[in-house]
Structure formats: structure tokens, C-alpha cells
Amino acid sequence: MLRKNKRLSAAEKTFAAEKGSDRVKKISLFEKKLLCITATTLILLALAALAQAENVNYENAVEKYYDIDFENDSWESAQGNSTINPNTDGHFKPLTTFEQDPVKGNTVVKITGSGSGGNYGCIRDKSMSITSIRENIVIWYELSFKFIDKTSAIRLEAGEYPFMITEEGKLLIGGLNAGGYVGAEIANLTLQPGEWYHLVVAVDNIDKWAGSDVKYYAWLNGELLTTGETPMTGCTVSKGYASSVGNFGYWFFIPSDGRDIGVYFDDIKVYTTASRVKDNGEFCFDPMNIFEGAVVTSDLFRVEDNIIYAPSDETVAELSEYLKAGDSGIGFLDKTEAIDDKNAVVTSAVGKTVIARSDSGIGVKKYMIEEGNRLYTIESATWMMEDETVIDKVSDLKAEDKVFVQLGVQNETSSEKTGVLVLAAYNGTALAGCSFKDISIPAGGDTVKSEVLEINNAENLTLKAYVWESSENYTPVLTRVELAN
């Protein structure tokens with residue numbers, strides 16, 4: 001009977017580590033139940049890890065007004081000279097709570113509330129004025145945000161009024177002119193509920209367009225945003241201002257107009273630099289790659305765009321061993337719930353979500369797991385005696401018989417794959433002997449044969465074969481096959 005399994009047991013790994021030059025030995029009893037004990041360590045590490053690397057631009061800031069990540073469950077500024085708080089001040093006071101977000105893997109602030117038409121929720125701070133930060137500097141605004149159930153209108157009433165989001169999820173970059181918002185809309189972009197975004201806006205008061213209009217540069221999830229003005233001005237958009245703008249008092253302004261609001265915020269920064277954003281047409285500031293370290297790759301599973309293909313019987317624990325990402329690693333979600341280490345070993349991977357955080361701990365990429373074959377699969381297995389007589393069932397074997405296995409292996413990549421073919425004999429759960437053979441699988445696939453293995457004891461016998469990545473790496477690269485009664 002041909003049966004596919006997946007993972008090498010701790011016993012087999014120990015046996016392999018102690019193998020001699022002849023590559024065939026016997027070992028004592030080991031417990032098969034140790035299978036997969038290290039399979040999902042990466043998940044816990046991924047959910048806890050959050051690198052805090054800063055971009056060079058921020059490190060060289062002239063002034064830092066805010067740097068808030070809510071890890072202390074408060075609005076308290078980690079750096080700079082200001083603290084912002086929700087404030088009624090004639091408007092409705094939004095409810096703020098702090099929650100652990102399973103996607104970002106850290107504490108974020110949740111703002112909810114409702115108000116009648118014309119009322120606004122706000123986060124207020126009067127510590128800065130436009131005139132004090134506007135001249136001969138570049139002002140940078142950074143934040144991560146996620147709408148809960150629906151998009152809400154939000155504008156950042158700070159300095160140059162750098163951005164506005166409409167109730168329809170449209171993003172405008174720009175500012176005020178004679179008291180009215182005149183930001184230019186980003187084409188072909190509609191923000192969606194349930195997704196984390198990271199927005200960076202640079203307001204260049206040094207290199208002004210036509211000598212008077214402020215230049216805006218904006219990046220969403222690390223991508224430079226453009227408008228109809230961009231080909232002409234070289235920036236996202238440029239705007240002028242009336243002299244009556246005055247001081248700002250509201251850091252976030254969230255118009256309700258009778259609609260309930262619900263939005264998460266994180267990674268809030270406001271700072272200034274003394275160098276223009278572009279010099280001779282080239283960016284002086286290289287924006288932090290918001291997805292650096294969040295790109296998932298695998299030697300065994302196909303990853304295309306934001307889809308990972310895995311067999312239907314692959315567990316989360318098994319899949320996790322083969323997925324590679326940056327310093328922050330990966331985690332798994334079942335809808336919106338994180339899959340813990342205990343459940344990972346029994347939960348099917350197909351239909352779940354893989355999350356990979358950037359090395360900075362800000363950007364997040366999501367991958368859906370869909371059903372598909374591994375890149376390397378065993379398509380056939382023929383068990384034979386040393387004289388090439390086919391073995392129909394393991395009960396036909398007796399002590400001192402010599403056997404080997406011939407595998408038809410499919411290689412769906414464009415390059416040769418090398419590995420070690422392992423043939424193992426068990427008496428019950430006791431590993432009784434193994435043979436090892438270095439093999440290579442060309443692109444497209446090939447037939448490979450194991451070394452011959454002598455049966456020492458045929459009682460309660462099972463034969464298994466698998467392919468390791470190398471003699472130093474005992475993680476199976478291919479599904480294993482088994483011959484039993």
C-alpha cells in the first residue's frame with residue numbers, strides 16, 4: 001500500500017546524526033510521537049518579534065515632535081516635546097482603547113465613536129504652529145492605519161494639512177487654500193476596510209514649485225503616489241496657501257456627520273529635516289522599503305504574488321518550516337485569529353493566511369494559502385528486492401531480505417535539485433535501520449533508486465522512504481512514502 005506522509009521523526013534525525021561511513025546502522029527505540037516538536041517555533045517568534053529599525057532620514061531629523069507606537073498603552077510620545085490626547089473641545093470625544101493586533105503583532109490604538117451631523121471627533125494638540133515649522137525645512141508625517149468596518153473621513157490638521165481621506169476611501173494629498181481643502185486625489189486608489197496601510201507624506205518647504213507652492217511627496221506602503229500634477233512638478237502634488245491659515249489645533253480631525261467611525265492607528269511620527277527631498281531630479285531621501293523582509297520565499301512550495309500553494313493535507317506546522325522571510329518572520333491567521341503553536345500541528349494550512357512583517361515592524365504582507373502541489377513531489381514508488389523482484393506487501397519480507405525503493409520524482413522548477421534519499425525500516429515504532437544515498441533530480445523530474453537495505457527483523461515491519469535536503473539538513477524536502485500491511 002502506498003501512503004504519503006510528511007515529517008521525519010526526532011528518532012530518525014538522531015539516527016542520521018550518528019550514522020557511520022557505511023551509512024547503514026541500527027539504533028534503539030525512539031518515540032514516534034516526537035514528530036514535529038520543532039515544527040512551529042517560528043510562529044511564536046514571528047508573533048512576538050517586532051524590529052524597531054529607523055530609516056536614516058528619521059535619525060537625521062532636525063526636530064522630532066512625535067514618535068508613538070502605543071506599546072505603553074498610551075499616547076505618550078517616546079521622543080519629542082509633545083503629547084496628544086483625545087479632546088472634546090466642543091466636539092464629540094471619540095472612545096480610545098488599546099489592543100494587541102494579530103497582524104501587526106503589537107499594541108495599536110482603536111478609535112471609535114459617533115456624532116450627529118456636523119460634529120467631529122478629534123485628537124487635539126496646540127504645541128506646534130504652522131509658522132514655527134514651515135519655513136526652510138521639510139516636514140515629515142508618518143502613520144499606520146486600518147479602518148475597521150468601513151472607511152471614515154480623516155484629515156490631518158497639522159502644519160501643511162498634508163492629507164485627507166474621504167468617506168469613500170479616496171486619498172487626497174495637499175493642503176489648504178483660503179481655508180478650503182484643495183488636495184489632489186490619488187488616481188486608481190480606494191482604501192479598503194480591514195487592511196493596514198502605512199502613509200508617509202513629506203512637505204518640502206525648501207524646494208518650492210515656481211518659487212512659492214509647497215511640494216508634497218507621498219508614499220503608501222512604500223510606493224510613491226502620483227497625481228496628474230506629478231509629470232509636470234516632479235512631486236506628488238504642489239499647493240499654495242492663504243496667509244490666514246494660522247495655527248493648527250487638531251492633530252486628527254475625524255468628521256462623523258452621523259456616521260459611526262472606527263479606525264486603528266499605529267507608528268505615528270512627525271519630524272523635520274533640513275534637506276530638500278529631491279536634488280537635481282534625484283531623491284535625496286531613499287524611503288524605507290516598507291516590505292523589506294516581508295517577502296516570503298520557499299524551496300518547496302510555489303509562491304506567486306500573494307498566493308502560496310500547498311497540498312490539502314499540509315498542516316500549518318509543516319508548511320511553516322519551509323517558508324522564509326526576514327527578521328520578523330511569519331505568522332498564520334485563521335481569518336483574523338492567530339494560530340498558536342499547539343493548534344498549528346493539527347490545522348490544515350489551505351485556506352489560511354500567512355502574514356510576514358517587514359524588518360522595521362511596520363509593513364505587512366499577506367499571503368493566502370491555496371491548494372496545489374509541492375515543487376518536488378513523489379509520483380510513484382516501487383518497492384523491490386535486491387534482484388528487482390517487486391514487493392507487493394511488506395508481510396512478504398523476512399529477516400535477511402535485501403530491499404530498495406525506486407521513486408518517480410517530479411521537479412517542477414527550472415533547475416536541478418540535489419538531496420539525500422533515505423530508506424528506513426521500522427519494527428513497530430522502533431527504527432531498525434536506514435540506508436542513505438545522494439541523489440540529483442533534474443528539472444522536470446526523474447527516477448531515483450535508494451541504496452539496498454537489509455531487513456534484520458521482519459516482525460511488525462514498515463518501510464519508509466523520504467528525501468532530505470542534504471546530509472546536514474534532516475528536514476524532508478519531499479513527501480515520504482510508506483510500505484505497510
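The structure presented is a predicted model; accordingly, all values stated were derived computationally and were not measured. (Residues numbered from 1 in each chain as written. Predicted model: local features only at pLDDT ≥ 70, side-chain atom pairs only at ≥ 80, totals over all residues. Heavy atoms only, no water.)

1. Digging into the overall build of the protein chain
The condition that has to hold: Put simply, DSSP marks the helices as runs of H or I at least four residues long and the strands as runs of E at least two long, and each gets a number from the N terminus on. A 1.4 Å probe rolled over the protein chains alone gives each residue an accessible area, and that area as a share of the maximum for its type sets the label: buried under 20%, exposed over 50%, partly exposed in between. A 1.4 Å probe and the Shrake-Rupley method give the accessible areas. Residues count as covered only by the protein chains that appear here.
Helix and strand counts for the protein chain come out as seven helices and 37 strands. Counting every position in the protein chain, which comprises 485 residues, the buried fraction comes to 54%. Put simply, the protein chain shows about 20700 Å² of open surface, and 45% of that area lies on carbon and sulfur atoms.

2. Focus on the nonpolar core
What counts, and what does not: Here the nonpolar core consists of buried residues drawn from Ala, Val, Leu, Ile, Met, Phe, Trp, Tyr and Cys, with membership extended through side-chain atoms lying within 4.5 Å. Contacts were defined at the residue level, with two residues in contact if any of their heavy atoms lie within 4.5 Å.
One finds Phe145, Phe163, Leu171, Ile173, Leu199 and Phe265 to be the most contacted residues of the largest nonpolar core, which totals 35 residues. The leading source of residues in this core is strand β7 (residues 138–147), at five residues. Apart from residues no more than four positions distant in its own chain, Leu171 is found in contact with Phe163, Met164, Ile165, Ala184, Glu185, Ile186, Leu189, Leu199 and Leu225.

3. Digging into the sheet that holds strand β23 (residues 303–304)
Sheet strands pair by backbone hydrogen bonding; their relative direction is either parallel or antiparallel. Let me state the cut-off plainly: At least two bridges found by DSSP between two strands are what make those strands a pair.
Spatially, six strands are ordered β23-β24-β29-β28-β26-β27 in an open sheet, and the strand pairing comes out mixed. The open sheet has two edge strands with one neighbour each: β23 and β27 (337–338). As judged from the four bridges shared by strand β26 (residues 330–334) and strand β28 (residues 353–357), these two strands associate in the antiparallel manner. Paired with Phe332 across the bridge in β28 is Val354.

4. Quick notes on the packing of aromatic side chains
Here the distance between the centres and the angle between the planes together describe a pair of aromatic rings. Here is the rule we go by: Aromatic rings from Phe, Tyr and Trp, with only the six-membered ring used for Trp, were paired whenever their centres fell within 6.5 Å, and each pair was classed as stacked if the ring planes differed by under 30 degrees, edge-to-face if by over 60, and tilted otherwise. For a ring to carry a charge above it, either NZ of a lysine or CZ of an arginine must fall within 6 Å of the ring centroid while also lying within 35 degrees of the normal to the ring plane.
Using the criterion set out here, one finds 11 aromatic pairs in the structure. Their ring planes at 55° and their centres at 6.0 Å tell us that Trp219 and Phe283 sit as a pair that is tilted. Highlighted residues: Trp219 in strand β15 (residues 213–220) and Phe283 in strand β21 (residues 282–283), separated in sequence by 64 residues. Residue Phe283 is classed as partly exposed on the basis of its relative accessible area of 33%. One aromatic cluster in this structure is built from Trp140, Tyr217, Trp219, Tyr271 and Phe283. Directly above the ring of Phe283 sits Lys278, whose terminal nitrogen or CZ lies 4.8 Å from the centroid. In this structure, Lys365 is placed above the aromatic ring of Phe291, and the distance from its NZ or CZ to the ring centre is 4.6 Å.

5. Some details on the pairing of strand β36 (residues 461–468)
Each regular strand carries side chains that alternate between the two faces of the sheet. The element β36 is largely enclosed, with a buried count of eight among its eight residues. The alternating pattern of β36 places Leu461, Leu463, Ala465 and Val467 and Thr462, Lys464, Tyr466 and Trp468 on opposite faces, both of which are buried.

6. Let's talk about unusual backbone geometry
Peptide bonds are, in most cases, trans, and in most cases residues other than glycine have a negative phi. Positive phi, normally seen in glycine, also occurs at Ala210, with a value near 55°. By secondary structure assignment, the location of Ala210 is in the loop between β14 (197–209) and β15. Judged by relative accessible area, Ala210 falls into the exposed class, the value being 66%. The residue Asn460 is not glycine, and still its phi comes out positive at about 50°.

7. Quick notes on the pairing of β15
Among the eight residues of β15, seven are classified as buried, and the element is accordingly described as predominantly covered. In terms of strand pairing, β14 meets β15 through seven bridges, oriented antiparallel. The residue bridging Asp204 from the neighbouring strand is Lys215, located in β15. Remark: three residues form the turn of the hairpin made by β14 and β15, two consecutive strands paired antiparallel; Ala210 in that turn has positive phi of roughly 55°.

8. Focus on the pattern of salt bridges
In plain terms, the rule: We define a salt bridge as a side-chain nitrogen of Lys or Arg found within 4 Å of a carboxyl oxygen belonging to Asp or Glu.
Scanning all chains against the criterion turns up 15 salt bridges. Across the pair Lys104 and Asp267 runs a salt bridge, and its minimum N-O distance is 3.0 Å. You can see Lys104 sitting in the loop between β4 (95–101) and β5 (106–113) and its partner Asp267 sitting in strand β19 (residues 261–273), a full 163 residues away along the chain. Residue Lys104 is classed as buried on the basis of its relative accessible area of 1%.

9. Some details on the side chain of Thr151
Where we set the bar: Any pair of nitrogen or oxygen atoms within 3.5 Å is treated as a polar contact; in protein, a donor-acceptor pairing is required on top of that, and neighbouring residues in sequence qualify only through side-chain atoms on both sides.
Tracing the backbone through its elements, the reader meets Thr151 in the loop between β7 and β8 (154–156). Its relative accessible area of 8% is what places Thr151 among the buried residues. Among the polar contacts listed, one links the side chain of Thr151 to the backbone oxygen of Glu167, at a separation of 2.6 Å.

10. A few points about the environment of Ala294
Within the secondary structure, Ala294 is located in the loop between β21 and β22 (297–298). Residue Ala294 is classed as buried on the basis of its relative accessible area, which comes to 0%. If we skip the residues at most four places from it in the chain, Ala294 touches Ala356, Arg357, Ser358, Lys365 and Tyr367.

11. Some thoughts on the confidence of the model for the protein chain
Put simply, the test is: As a per-residue quantity, pLDDT reports the predictor's confidence and falls between 0 and 100.
Looking at the protein chain as a whole, its pLDDT mean stands at 76, while 70% of the residues score no less than 70. Every residue in residues 1–54 is under pLDDT 50, and counting partners more than four places away or in other chains gives 142 contacts. The model gives residues 77–83 a pLDDT under 50, and that stretch makes 25 contacts with residues more than four places away or in other chains.

12. A look at the environment of Glu400
Residue position: Glu400 is located in the loop between β30 (376–385) and β31 (402–411). Given a relative accessible area of 62%, Glu400 falls into the exposed group. When the C-alpha positions of Glu400 and Ile455 are compared, they lie 5.1 Å apart, and in sequence the two are 55 residues distant. The residues touching Glu400, leaving out its near neighbours within four places in the chain, are Glu454 and Ile455.

13. Quick notes on the side chain of Ser238
If you trace the backbone, Ser238 turns up in strand β17 (residues 237–239). Among all residues touching Ser238, those that are not within four sequence positions of it are Trp209, Asp213, Val214, Lys215, Glu229 and Thr233.

14. Digging into the environment of Glu167
Here Glu167 shows up in the loop between β9 (163–165) and β10 (171–173). In this structure Glu167 comes out as partly exposed when scored by relative accessible area, which is 23%. Between the C-alpha atom of Glu167 and that of Leu191, which follows or precedes it by 24 residues, the distance is 9.8 Å.

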